[in-house]
Amino acid sequence: MAFLLRNISLSADGREIVRTSRIRDDLLKVGRDPDCDIRLNDLAVALHHATLEQISSSVIGVSAEAGLTVEIDGSTTQFGQIDTVTGGTIKVGPFLLRVLASEMGSDDVAIDVARADTEEQEDKFDTRRFALATVMPGKRAIAWTLGIVVVGLFLVWPIWSFYGQRDRGDVLAQGFHADQMWSAGALSRSHAALEQNCVACHAAPFQPVQDASCVACHTSVHDHADAARLQQSRPDLNLWGRFQLAAGNMFGHIPGRCVDCHTEHEGPQEMVPTPQQFCADCHTDIQARLADAPFGSAANFETDHPEFQPTVLIRWDDQTPRMQRVALGAENAREASNLKFPHALHLDPNGGVAQMGRRLGAQYGFGQSMECSDCHVPTPDGVRFQPVDMEGDCGMCHSLAFEQIGGTVRTLRHGEPNQVVADILSFYRTAPRERVGLDTQGRARPGDANQVRAAVQAARARAAGGGRAEQAVRQVFSPGGACFECHQVDAPAAGSLAYNVRPVAFPTRYMLHGWFDHRPHQFTQRPGEPRQEGSAACLSCHQAQNSSEATDLMLPDLASCRTCHGGETTRLPVASSCAMCHDYHFDDGVPAMLLRQQVRGRRWQTTEIRVEPERAPRPRAR
């Protein structure tokens, strides 16, 4: 007798693998031990779990080891028998030993060995009979159905909604409409009111926003320059660029549209600042394309930017000032204001001006030396400075008083030379008064000492007779005189007293094509240097302490600004793109980038406020 064993296992793809062995013996050991005849590798099987023994020619006895059980034909037991004529099953742990019915005339007992849980599990989890696929349409039908639904929802419905909205006006625009599903994102805060009104900007379906939609609301916005010159200033494109341009034109993506810079659907925030590259695309080597451009090429403030060219009063045509843009450092970068004023003399901490300031400090708040803020008063917004005027600023030290009647001090009329001549002539024709002053050789200052000295000089003048009146007039307009000391004076013809004091003028704004705000610079700290404030901050940019002539143009040059300001990406303290100082839609106002930063809380108020000199408040620094 022999046992014919068929070990059945399954491959990864479910294919059945059968390994057959024949054992000539009457007894078989079943267990996990390697010495067992039927080895079952599972921890649920003991090392020696059971024994199969031939009891007769048609009966096999099955006995489990002490404390263990097996299942024989579905019954759990420790001992049992199987008739080899009919066959039976023995379950040991997860394994099923199927004793096949013996063939006629054969003494061999065939036993199939397999994991019982495999078959049971397959049978248990054979969910295909209950799968939804058995009752659902086919995949192809579902795909077509879903495709039609997608096209209907996201193409047909939005198109229908767009035309319906346009035909019905604002009725549908206020509620949900299907073309909103095409939105690339939420609008910026400035356009948030148009969130539900797509047709306000998208005038035609399948076409990007055109400039006509923008200017319909922004009526005051003007182009950067002439359209033809803008087109000419664009850089030459390579083959791929020309292909992209042609393809874009086919779909309405015309270069130079408003949305090229003012990108929308970026979320509920302020519009994204214009990148530096937007300007550099045209302004890099622009002289090669626009030879008559009145400015140099610029691509990066730190590495490629021309020297500043402020608008300066360079000469006078009779009484008319002539302004011209000049490059800082050029030979003609001089200011013909017709004023004489030495900044260095007034800022010298050890000079006579400083000593006089200390004497008048109790009255006007001067310190140990003169400060820039003693004369220069910022505008309320801090952007610029109010014009310096004689009465409010110079008059604190430079008095034009010449007579005192009771408690009233008479002064010469500033800016009216004919009236000055008349007042002096009248002064000498009238009777002597209690106290007079007419010192034209120096600075006439308020105070008892000056008044006493002036009274003595006036008494001498009266004693000299009427001829002294004309002499006094000539002294006022001559070197050392009150007028000549600060102004350019034209002498009259011989025998005449018709002196002409040339008018004084300054540009109201030097950087007409750029924007500079003084307020952020009231404190300065250049790299590697200590923090400066007050006059030190002013003088770190304006070299007034070295200026002895009023014609000196004391604007900081490009190199000075570059100590702190770099390009859009820089290691310097202040990253400065083109939009920080320049505005594409240039006017007198604040560049849009600064306004947007102001809204974001990164800057303070920079709105320009025009100040009339005669009405301007005159707060003093101290």
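This one's a predicted model, so the numbers in the text were calculated from it and none came from an experiment. Residue indices begin from 1 for each chain and proceed along its sequence in written order. Thresholds applied to this predicted model are a pLDDT of at least 70 for local features of residues and 80 or more for the giving and counting of side-chain atom pairs; totals over whole chains, interfaces and linings are not thresholded and use all residues. Hydrogens are left out, water is left out, and the side-chain values use all remaining heavy atoms of the structure.

## Let's talk about the overall build of the chain
To keep things clear, this is the line we draw: Runs of E in the DSSP output that reach at least two residues are strands. Runs of H or I that reach at least four are helices, and both are numbered from the N terminus. Note on exposure labels: buried denotes an accessible area under 20% of the residue type's maximum, exposed denotes more than 50%, and partly exposed covers the range between, all computed with a 1.4 Å probe on protein chains only. A contact between two residues is defined here by any heavy atoms of the two lying within 4.5 Å. Reported accessibility uses the Shrake-Rupley method at a 1.4 Å probe radius. Residues are deemed covered only where the shown protein chains occlude them.
Scanning the chain from N- to C-terminus turns up 17 helices and 23 strands. Per-residue burial over the chain gives 33% buried out of 622 residues. Sequence separation of 24 or more characterises 48% of the internal contacts of the chain that already satisfy a separation of 6 or more. In the form shown here, the chain has an accessible surface area of approximately 36,500 Å², with 55% of it arising from carbon and sulfur atoms.

## Some words on helix α8 (residues 276-283)
Burial in α8 covers these residues: Q276, A280 and C282. If you follow the buried residues of α8, they end up packed against α5 (227-233). Positive phi shows up at D285, right after α8, with a value of about 55 degrees.

## A word on helix α6 (residues 239-250)
Owing to its 3.6 residues per turn, the α-helix aligns residues three or four sequence positions apart on the same side. For clarity, the cut-off: Working rule for helices: expected span equals 1.5 Å times residues minus one.
Taking 1.5 Å as the rise per residue, α6 with 12 residues should run 16 Å; its terminal C-alpha atoms sit 17 Å apart, in good agreement. Directly beyond the C-terminal end of α6, a positive phi value near 85 degrees is found at G252.

## So, the sheet that holds strand β6 (residues 59-64)
Heads up, the condition is: Whether two strands pair depends on DSSP finding at least two bridges between them.
Here 5 strands make up an open sheet; going across it, the order is β4-β3-β5-β6-β9 and the pairing mixed. In this open sheet, the two strands that pair with only one neighbour each are β4 (38-39) and β9 (79-83). Summarising the sheet, β6 and β9 pair through 5 bridges and their orientation is antiparallel. In the strand pairing of β9, I60 is matched with I82.

## Structural notes on the nonpolar core
As a reminder, the rule being used: As used in this record, nonpolar core signifies buried Ala, Val, Leu, Ile, Met, Phe, Trp, Tyr and Cys residues forming a set joined through side-chain atoms within 4.5 Å.
Core analysis: the biggest nonpolar cluster contains 24 residues, and I38, L40, L52, I90, L97 and I111 have the highest contact counts within it. Mapped by element, the contributors of at least two residues to this core are β1 (3-10), β3 (27-31), β5 (50-54), β6, β7 (70-72), β10 (88-92), β11 (95-99) and β12 (109-115). Ignoring sequence-local partners within four residues, the contact set of I90 consists of L52, V62, V70, E71, I82, F95, L96, L97 and V99. One finds L400, L425, F427 and V476 within the second-largest nonpolar core, a separate group that totals 20 residues.

## A look at the pattern of salt bridges
Rules: Whenever Lys or Arg places a side-chain nitrogen within 4 Å of a carboxyl oxygen from Asp or Glu, that contact is recorded as a salt bridge.
Applying the stated criterion to the full structure yields 11 salt bridges. Note that D112 is salt-bridged to R6, the shortest N-O span being 2.7 Å. Here R6 lies in strand β1 and D112 lies in strand β12, a separation of 106 residues in the sequence. Among the charged side chains, a network of salt bridges with common partners joins R315, D317 and R322.

## Some remarks on the packing of aromatic side chains
For the record, the criterion: Only rings of Phe, Tyr and Trp enter the pairing, Trp through its six-membered ring, and a pair is recorded when the two centres are within 6.5 Å. The plane angle decides the type: under 30 degrees is stacked, over 60 is edge-to-face, the rest tilted. Placement of a charge over a ring requires the Lys NZ or Arg CZ to be within 6 Å of the ring centre, with the centre-to-atom vector within 35 degrees of the ring normal.
For the structure shown, the criterion picks out 7 aromatic pairs. Their ring planes at 80 degrees and their centres at 5.8 Å tell us that F402 and F427 sit as a pair that is edge-to-face. Residue F402 is located in strand β15 (residues 401-405), and its partner F427 is located in helix α12 (residues 417-429); the two are separated by 25 residues in the primary sequence. In this structure F402 comes out as buried when scored by relative accessible area, which is 1%. Taken together, the ring pairs connect F402, F427 and Y428 into an aromatic cluster. Between the NZ or CZ atom of R115 and the centre of the ring of F95, over which it lies, the distance is 4.9 Å.

## A few points about the environment of V215
As for its placement among the helices and strands, V215 is situated in helix α4 (residues 211-215). Residue class for V215 comes out partly exposed when judged on its relative accessible area of 44%. C-alpha of V215 to C-alpha of C258: the two residues are 43 residues apart in sequence and 9.3 Å apart in space.

## Concerning the sheet that holds β7
Consider a sheet: its strands pair through backbone hydrogen bonds, and that pairing is either parallel or antiparallel. This is how the line gets drawn: Axis angles are defined between N-to-C directions and span 0 to 180 degrees, where every axis is a line fitted to C-alpha atoms and, for a helix, only to the segment in contact.
What the 7 strands build is an open sheet, ordered β2-β1-β12-β11-β10-β7-β8; its pairing is mixed. The open sheet has two free edges, formed respectively by β2 (16-23) and β8 (75-77), since each of these has just one partner strand. For this sheet the average axis-to-axis angle between neighbouring strands, irrespective of direction, equals 25 degrees. Relative to β12, β11 runs antiparallel, the two sharing 5 bridges. For V99, the partnering residue across the bridge sits in β12 and is I111.

## Here we look at the confidence of the model for the chain
For residues with low pLDDT, the predicted coordinates do not support detailed interpretation. Going by this rule: Think of pLDDT as the predictor's per-residue confidence, scored from 0 to 100.
On average, residues of the chain score 82 in pLDDT, and 85% of them reach the 70 mark or higher. Throughout residues 434-444 the model reports pLDDT below 50, and contacts reaching past four residues in sequence, or to other chains, amount to 43 contacts. Taken together, the stretch residues 600-622 has pLDDT below 50 and engages in 59 contacts with residues farther than four places along the chain or on a different chain.

## Description of unusual backbone geometry
One non-glycine residue, D318, lies in the positive phi region at around 60 degrees. Mapped onto the fold, D318 is located in the loop between β13 (311-317) and β14 (320-325). Its identity as a non-glycine residue notwithstanding, N338 has a phi of 70 degrees, on the positive side. Mapped onto the elements, N338 comes out in the loop between β14 and α9 (343-347).

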